[in-house]
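Examining the three-dimensional arrangement
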Amino acid sequence: MGSQFIFFKQKNSWLEQWDPRMKIVVIFLYAISLFVHQNTLFKAIQIVLLICLWAVAKLSWRMLGWTLLSLSLFFVTTMVYHMLFSAGSQTLQIFGFHLSKVGIFSGISMCLQIAGIVLLLSLLVRTTSPIILAEGLERLLSPFQKWKFPIHEATMMFSIALRFIPILTEEFEKVRKAQIARGNGFHRGKIRARITGLFPILMPMFILSILRAKELAASMESRCYDSNEKRTPIRQYRLKLQDYIIFICSVVLVIISVIQKS
Amino acid sequence: MIELDNVSYRYLGGDSQTWALHDINLQLASTQFVAFLGQNGSGKSTLSRLLNGLELPSNGSVSIDGLSTDQSDQLTQIRRSVQVVFQNPDTQQVGLTLAEDIAFGLSNIGYPQSKMMNRVKWALGLVGLQHASDYFVHELSGGEKQKLALAAVLALSPTYLVLDEATSMLDPMARREFLHMLHQIRHKQPFALLYITHHLDEVLHADRWIFLHHGKIVADGHPNDLLQNEDLFIRCGLEIPYRIRLIHQLHKQGMDIPWATSIDQLVEWL
């Protein structure tokens, strides 16, 4: 239970082998180019490229379908908003409504941008173990440690939080069922009754979380953890030629987008 | 050698008159299998937390191979030497996968990165989980999680291993399996085993039993000597295993049966 919070499943794909630091940087640059570029066709090509990467990552098409389908309401709302409220002299008349041609294109453009960002993030979390992702972030942000930013603590908290989501989900289910067995009616009745009915679940959950945190802290300390001490990194990351090539391509993409915009 | 010298401990904010541990003097050798017995609230777990510096004594001193737990610069070395497996299998794992979890401790002690994965595989091999290094921790059963906790501490090559009621949340089958594996590992890789429990049947083969009651040591000796004292068990709120009760009764009938006799031997003897 709760494993749905961990999106990563090992598939031994080419994308999984990427250096996590470079993966984060490239995805950031790709997102910038998606937002900066004005040409809708260019954005559509970028989406096609992401779909190709999806295939390279050996991720299921069904998952891609669900990811895009989950955005359908957002796509429809965006399209309707842009078509009805965008300025523009050229209009189309459909069912008595005057729709702006510019609005149609800007709506499509906006939908492509959102789809692109969601696909990018989805690719990132589905092809990278959360711990590797945290390590990548930690190393990318490590220069900020010079200014006393608690980068290590933040990434450690992130990875522990991920580890504890399945346990707390399981605990929540246990407490919820125990309260239902005792006659708590939070799952029926009026909204107010449902909300007040949640307190008997939230309070034990809060106490349990604190107790668990205390036990985990003891266990970590007992295993010689000291946030002030230098730790050996678990993995060695070395940038390869392919990482540099992909990085250069991403930078070129951003430059083209900026030139096109200007 | 672990030495506790006039150790007392009182929890902050608790009743100022109640000591979790009171005036404990102990010396524990680095190869023995020592069992700490006592009912809930007798001070067993507090004692385990004092042994690797998770708590500091209110009075007295705790030293591990000459290193004092009140010296903060010596704590890493002490904790490396005294490792603890706690009761709850769910709150001891830090990593998302088994390999990451074992690597966590190694990473903390500055273990060389080039050897780390070999050490992880070795530790997982000890507990029979070598095939599962990339599994997610939350996918394991309670018994497997406890085996992982054991592997994680053994990876650090402790001199003293404290098991703080480590089997109390396991089902009987997982408990038996865990204990069998623990003794097998100890046979190959000797370390002092400090076993905290209130299940006598788990520690019948220990070298030494220490009984705690209301934070004080009330008995300390070899199991064969202490097993004769039935009142001690009643006083400390411990249940005597059926086999031992039977041997007690047979002793009263004048039959001289050794305490460590197994059920099969007992049947044969009878």
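Residues numbered from 1 in each chain as written. Chains lettered and ligands numbered in written order. Predicted model: local features only at pLDDT ≥ 70, side-chain atom pairs only at ≥ 80, totals over all residues. Heavy atoms only, no water.

You'll find chain B entered in an unreviewed UniProt entry as Energy-coupling factor transport system ATP-binding protein, with Seinonella peptonophila given as the organism. The UniProt entry for chain B carries the following comment under Subcellular location (unreviewed entry): "Cell membrane". (UniProt positions renumbered as here; feature names shortened; annotations may be inferred.)

Chain A is annotated in an unreviewed UniProt entry as Energy-coupling factor transport system permease protein of Seinonella peptonophila.

**Focus: helix α5 (residues 72–85) of chain A**
Residue and element names in this part refer to chain A. With 14 residues, α5 should cover 20 Å at 1.5 Å per step; its first-to-last C-alpha distance of 20 Å lies within 8% of that length. For α5, the set of buried residues is Phe75, Thr78, Met79, His82 and Met83. The buried residues of α5 occupy one face: seen down the axis, they fall within an arc of 120 degrees. Seen from the open side of α5, the exposed residues pointing more than 90 degrees away from its buried face are Leu73, Val76, Tyr81 and Phe85. (Helix = DSSP H or I, 4+ residues; strand = E, 2+ residues; numbered from the N terminus. Expected span 1.5 Å × (residues − 1). Buried < 20%, exposed > 50% of the residue type's maximum accessible area, 1.4 Å probe, protein only. Arc of directions from axis to C-beta.)

**Let's talk about the sheet that holds strand β7 (residues 160–164) of chain B**
Residue and element names in this part refer to chain B. One open sheet accounts for six strands, arranged β6-β7-β8-β3-β9-β10; its pairing is mixed. Either end of the sheet is taken by a strand with one partner, and the two such strands are β6 (82–85) and β10 (216–221). Neighbouring strand axes in the sheet, compared pairwise and without regard to direction, differ in orientation by 20 degrees on average. Sheet analysis places β7 next to strand β8 (residues 192–197), joined by five bridges and oriented parallel. Residue leucine 163 lies in a different strand from β8, and its bridge partner there is tyrosine 195. (Pairing = 2+ DSSP bridges. Axes fitted to C-alpha atoms, helices over the stretch in contact; angles between N-to-C directions.)

**A look at the pattern of salt bridges**
In total, this model carries 16 salt bridges over all chains according to the counting rule given. Note that arginine 235 of chain A is salt-bridged to glutamate 100 of chain B, the shortest N-O span being 2.8 Å. Of the two residues, arginine 235 of chain A is situated in the loop between α9 (191–222) and α10 (241–261) and glutamate 100 of chain B in helix α3 (residues 98–108); the pairing between them involves two chains. Residue class for glutamate 100 of chain B comes out buried when judged on its relative accessible area of 6%. Bridged by salt links that share partners, the residues Glu135 and Arg235 of chain A together with Glu100 of chain B form one connected network. (Salt bridge = Lys/Arg side-chain N within 4 Å of Asp/Glu carboxyl O.)

**Some details on the nonpolar core**
Counting residues in hydrophobic clusters, the biggest one holds 65 residues, and the most contacted among them are Ile102, Leu150, Leu161, Leu163, Trp209 and Phe211 of chain B. Here the element with the most residues in this core is helix α5 (residues 142–154) of chain B; it accounts for seven residues. With near-sequence residues (within four places) excluded, isoleucine 102 of chain B lies in contact with Arg223 of chain A together with Val120, Ala123, Leu124, Leu148, Ala151, Ala152 and Ala155 of chain B. By size, the runner-up hydrophobic cluster in this structure holds 30 residues, among which are Leu21, Leu28, Leu54 and Tyr160 of chain B. (Core = buried A, V, L, I, M, F, W, Y, C linked by side-chain atoms within 4.5 Å. Contact = heavy atoms within 4.5 Å.)

**Describing the interface of chain A and chain B**
Facing the 32 residues of chain A at the interface are 38 residues of chain B. Here chain A and chain B share an interface that buries about 3,100 Å² over both sides, 54% of which is from carbon and sulfur atoms. When the area that chain A buries against chain B is broken down by residue, the three leading residues are Arg163, Arg223 and Cys224 of chain A, summing to 27%. Our enumeration of links across chain A and chain B arrives at three salt bridges. (Buried area = accessible area lost by both parts, 1.4 Å probe.)

**Some thoughts on the packing of α3 of chain B against helix α4 (residues 113–126) of chain B**
Residue and element names in this part refer to chain B. Running from amino to carboxyl end, α3 crosses α4 at an angle of 115 degrees, the nearest separation of the two axes being 9 Å. The interaxial crossing formed by α3 with α4 has right-handed handedness. Residue-level inspection shows Leu98, Ala99, Ile102, Ala103, Leu106 and Ser107 of α3 in contact with α4, the latter providing Met116, Met117, Arg119, Val120, Ala123 and Leu124. Of the residues belonging to the contact of α3 with α4, the class tally is 10 nonpolar, one polar and one charged. (Left-handed = near helix turned anticlockwise from the far one by under 90°. Nonpolar A, V, L, I, M, F, W, Y, C, P; charged D, E, K, R; others polar.)

**Here's the deal with the packing of aromatic side chains**
Following the criterion strictly, the structure yields nine aromatic pairs over all chains and no others. Ring geometry for phenylalanine 144 of chain A against tryptophan 147 of chain A: centres 6.3 Å apart, planes inclined by 55 degrees, an arrangement best described as tilted. Classification of phenylalanine 144 of chain A by relative accessible area gives partly exposed; the value is 40%. With a relative accessible area of 59%, tryptophan 147 of chain A lands in the exposed category. The interplanar angle of 70 degrees and the centroid separation of 6.0 Å between the aromatic rings of tryptophan 209 of chain B and phenylalanine 211 of chain B together place this pair among those described as edge-to-face. The residues tryptophan 209 of chain B and phenylalanine 211 of chain B share a single accessibility class, namely buried. A network of ring pairs unites the aromatic residues Phe144, Trp147 and Phe149 of chain A as a single cluster. In this structure, arginine 10 of chain B packs its charged tip against the face of tryptophan 19 of chain B, placed 4.2 Å from the ring centre. (Phe/Tyr/Trp six-rings, centres within 6.5 Å; stacked < 30°, edge-to-face > 60°. Lys NZ or Arg CZ within 6 Å of the ring centre and 35° of its normal.)

**With respect to unusual backbone geometry**
Residues and elements named next belong to chain B. Although it is not a glycine, asparagine 6 adopts a positive phi angle of roughly 50 degrees. Residue placement: asparagine 6 occurs in strand β1 (residues 2–9). Located in the positive-phi region is aspartate 23, a residue other than glycine, with phi close to 55 degrees. Within the fold, aspartate 23 resides in strand β2 (residues 21–28). Note on aspartate 23: relative accessible area 46%, which makes it partly exposed.

**Some thoughts on the environment of methionine 157 of chain A**
Structurally, the position occupied by methionine 157 of chain A is in helix α8 (residues 151–181). Separated by 23 residues in sequence, methionine 157 of chain A and alanine 134 of chain A have C-alpha atoms that sit 9.6 Å apart.

**Overview of α8 of chain A**
All names here are of chain A. Between its first and last C-alpha, α8 extends 44 Å over 31 residues, near the 45 Å set by a 1.5 Å rise per residue. Largest kink in α8: about 35 degrees, centred on phenylalanine 164, with the proline proline 166 one to four residues after it. Immediately downstream of α8, the backbone of glycine 183 shows phi near 95 degrees, a positive value. (Bend = angle between axes of the 7 residues up to and from the residue.)

**Quick look at the domain arrangement of chain A**
Size of an interface: often given as the accessible area lost when the parts come together. Residues and elements named next belong to chain A. If you check the domain split of chain A, you get domain 1 (14–141 + 241–261) and domain 2 (148–222). Between the C-alpha centres of domain 1 and domain 2 there is a distance of 34 Å. Taken together, the connections running from domain 1 to domain 2 amount to zero salt bridges. In the side of domain 1 that touches domain 2, the residues fall into five nonpolar, no polar and one charged. (Domains from an automatic or database assignment.)

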